[in-house]
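Next come the chains, spelled out residue by residue.
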2 protein chains.
Amino acid sequence: MSADHVFAALASPARRELLRLLLEEGGQPAGRLAERFDMSRPSVSEHLKVLRDAGLVAETRKGRERLYRLEPAPLMEIRDWLGPYERFWREKLAALSTLLDEMEDDDDGSR
Amino acid sequence: MSADHVFAALASPARRELLRLLLEEGGQPAGRLAERFDMSRPSVSEHLKVLRDAGLVAETRKGRERLYRLEPAPLMEIRDWLGPYERFWREKLAALSTLLDEMEDDDDGSR
DNA sequence: TTGTCATGTAGGAAAAATCCTACATATAGT
DNA sequence: ACTATATGTAGGATTTTTCCTACATGACAA
């Protein structure tokens, strides 16, 4: 739930790759996900645990498999966190644009 | 420049707090930023280095001070990274909304 | 029931992050 | 030149993360 765990979970390239696979290919059993990594299966399982604790994936037991699926809600917290920075970014762009316009007004072709 | 460094930089609460201070209060010298933390000044300095390496802050030497300012461009990379997940999220919401509508249509008041 | 398959967990080694104190550097003021 | 101030860097202790192999669990299949 806490954004701390979400940011921490996203810090690992392996975990972001897991999210990408679940996004692009849909829910999959843990083993099939692990096959795609140059890493032992238990290690991938631990990464899945971190993602689970952050609320970024959920599992459904299906026989002896466990299907993992993407749970995007916590990512929307990240998006909200970004909001104020994006406003700041836009103001910067707007200021730059204004500056460029003024330079163009001044540009009478002289030198 | 790589998104890896940006995600890693954001993983620390102390570094996110630094970004927040720079956003809400504008550029400040390193020492003034450090005062706000329950942590030694050199440690804050190291956090600033991580943010600098990720391109999230920039410094301007002003006499013997170093003014740090927010550099939001890398955060826009993060926003772009979130894009596909946000689409996925919206589709989920839309599906839920449709489902609720159908349930309402079925709801003839019986039972 | 016995064996097999999919998966998680324990325990530990190695690497990385975090935080500290001491020191180095560079600028400003006297 | 000397001192004070603002800051970064070195070196090291401690904690956390990451990854491994070995083992535990729980469901299916013969």
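Residues numbered from 1 in each chain as written. Chains lettered and ligands numbered in written order. Predicted model: local features only at pLDDT ≥ 70, side-chain atom pairs only at ≥ 80, totals over all residues. Heavy atoms only, no water.

**Q** So, the overall build of chain A: which residues are in play, and what are the values?
**A** A count of helical and extended segments in chain A gives five helices and three strands. Element order for chain A, N to C, with α for helix and β for strand: α-α-β-α-α-β-β-α. Against the globule reference of 13 Å for 111 residues, chain A gives a C-alpha radius of gyration of 22 Å, more extended than a compact globule. In terms of overall dimensions, chain A has a C-alpha envelope of 75 × 30 × 20 Å along the principal axes. Looking at chain A residue by residue over its 111 residues, the buried ones come to 33%. Look at the contacts in chain A between residues 6 or more apart in sequence, and 48% of them connect residues 24 or more apart. Taken as a whole, chain A presents about 7000 Å² of accessible surface, with 50% of it coming from carbon and sulfur. (Helix = DSSP H or I, 4+ residues; strand = E, 2+ residues; numbered from the N terminus. Rg over C-alpha atoms; globule rule 2.2 N^0.38 Å. Buried < 20%, exposed > 50% of the residue type's maximum accessible area, 1.4 Å probe, protein only. Contact = heavy atoms within 4.5 Å. Areas by Shrake-Rupley, 256 points an atom, 1.4 Å probe, with all protein chains shown as cover.)

**Q** Hey, could you go over the protein's contact with DNA strand C for me, with residue numbers and the actual values?
**A** Looking at DNA strand C, there are 22 residues lining it, with A:Gly31, A:Tyr68, B:Ser40, B:Ser43 and B:His47 nearest. When the atoms of DNA strand C within 4 Å of the protein are grouped by moiety, sugar and phosphate amount to 55% of the total. One of the side-chain N or O atoms of A:Tyr68 is found 2.4 Å from a phosphate oxygen in DNA strand C. Looking at the surface near DNA strand C, the elements with two or more residues in it are helix H3 (30-35), helix H4 (41-53) and strand E3 (65-70) of chain A together with helix H4 (41-53) of chain B. Residues that form the surface near DNA strand C fall into these classes: six nonpolar, seven polar and nine charged. (Near = heavy atom within 4 Å. Polar contact = N/O pair within 3.5 Å; in protein donor to acceptor, adjacent residues only side chain to side chain. Nonpolar A, V, L, I, M, F, W, Y, C, P; charged D, E, K, R; others polar.)

**Q** Summarise helix H2 (residues 13-25) of chain A; cite the residues concerned and give the values.
**A** In this model, H2(A) (13 residues) spans 18 Å end to end at C-alpha, consistent with the 18 Å of a helix rising 1.5 Å per residue. Looking one or two residues beyond H2(A), the residue adopting positive phi is A:Gly26, at roughly 80 degrees. (Expected span 1.5 Å × (residues − 1).)

**Q** Help me get a handle on the relation of the copies chain B and chain A, residues and values and all.
**A** Overlaying chain B on chain A yields an RMSD of 0.1 Å, the required transformation being a rotation through 180 degrees with an accompanying axial translation of 0.0 Å. Viewed as a symmetry operation, the transformation between the two copies matches a two-fold axis. Across chain B, the smallest distance between a C-alpha and the rotation axis is recorded for B:Ala11, namely 3.0 Å. Of the interface residues in chain B, 100% have counterparts in chain A that sit at the interface too, so the contact is made through matching surfaces. (Least-squares fit on C-alpha atoms with pLDDT ≥ 70 in both.)

**Q** Help me get a handle on the protein's contact with DNA strand D, residues and values and all.
**A** Around DNA strand D sit 22 residues, and of these A:Ser40, A:Ser43, A:His47, B:Gly31 and B:Tyr68 come closest. In DNA strand D, atoms within 4 Å of the protein come from the sugar-phosphate backbone in 53% of cases. One of the backbone N or O atoms of A:Ser40 is found 2.6 Å from a phosphate oxygen in DNA strand D. Within the side chain of A:Glu46, a nitrogen or oxygen atom sits 3.3 Å from a base nitrogen of DNA strand D. Elements with a contribution of two residues or more to the surface near DNA strand D: H4 of chain A together with helix H3 (30-35), H4 and strand E3 (65-70) of chain B. Split by residue class, the surface near DNA strand D holds six nonpolar, seven polar and nine charged.

**Q** A description of the sheet that holds E3(B) should follow, citing residues and the corresponding values.
**A** Residue and element names in this part refer to chain B. Taken in spatial order, the three strands line up as E1-E3-E2 in an open sheet, and their pairing is antiparallel. Two strands bound the open sheet, and with one partner strand each, they are strand E1 (28-29) and strand E2 (57-62). Two elements, E2 and E3, share six bridges in a ladder whose sense is antiparallel. Looking at E3, one finds that Val57 is bridged to Leu70. Contacting E2 and E3, H4 crosses the sheet at an angle of about 115 degrees to E2. (Pairing = 2+ DSSP bridges. Axes fitted to C-alpha atoms, helices over the stretch in contact; angles between N-to-C directions.)

**Q** Tell me what's going on with the sheet that holds strand E2 (residues 57-62) of chain A, and back it up with residues and numbers.
**A** All names here are of chain A. The strand order across the open sheet formed by three strands is E1-E3-E2, and the pairing between neighbours is antiparallel. In this open sheet, the two edge strands, each paired with only one partner strand, are strand E1 (28-29) and E2. Against the sheet, H2 contacts E1, E2 and E3, and its axis sits at roughly 85 degrees relative to E3.

**Q** Give me the interface of chain B and chain A: which residues, what numbers.
**A** Listed by partner, the interface residues are 26 residues for chain B and 26 residues for chain A. Taken as a group, B:Arg16, B:Tyr85 and B:Trp89 account for 22% of the area that chain B buries against chain A, more than any other trio of residues on that side. Run the count over chain B and chain A and you get six salt bridges. Put simply, A:Asp4 and B:Arg16 hold a salt bridge, and the shortest N to O gap is 2.6 Å. Secondary-structure elements contributing two or more residues to the side of chain B that touches chain A are helix H1 (3-10), helix H2 (13-25) and helix H5 (73-106) of chain B. Of the residues forming the side of chain B that touches chain A, the biggest block, 13 residues, is contributed by H5(B). Taken together, the residues that form the side of chain B that touches chain A break down as 19 nonpolar, no polar and seven charged. (Buried area = accessible area lost by both parts, 1.4 Å probe. Salt bridge = Lys/Arg side-chain N within 4 Å of Asp/Glu carboxyl O.)

Nothing here speaks to function; it is all geometry.
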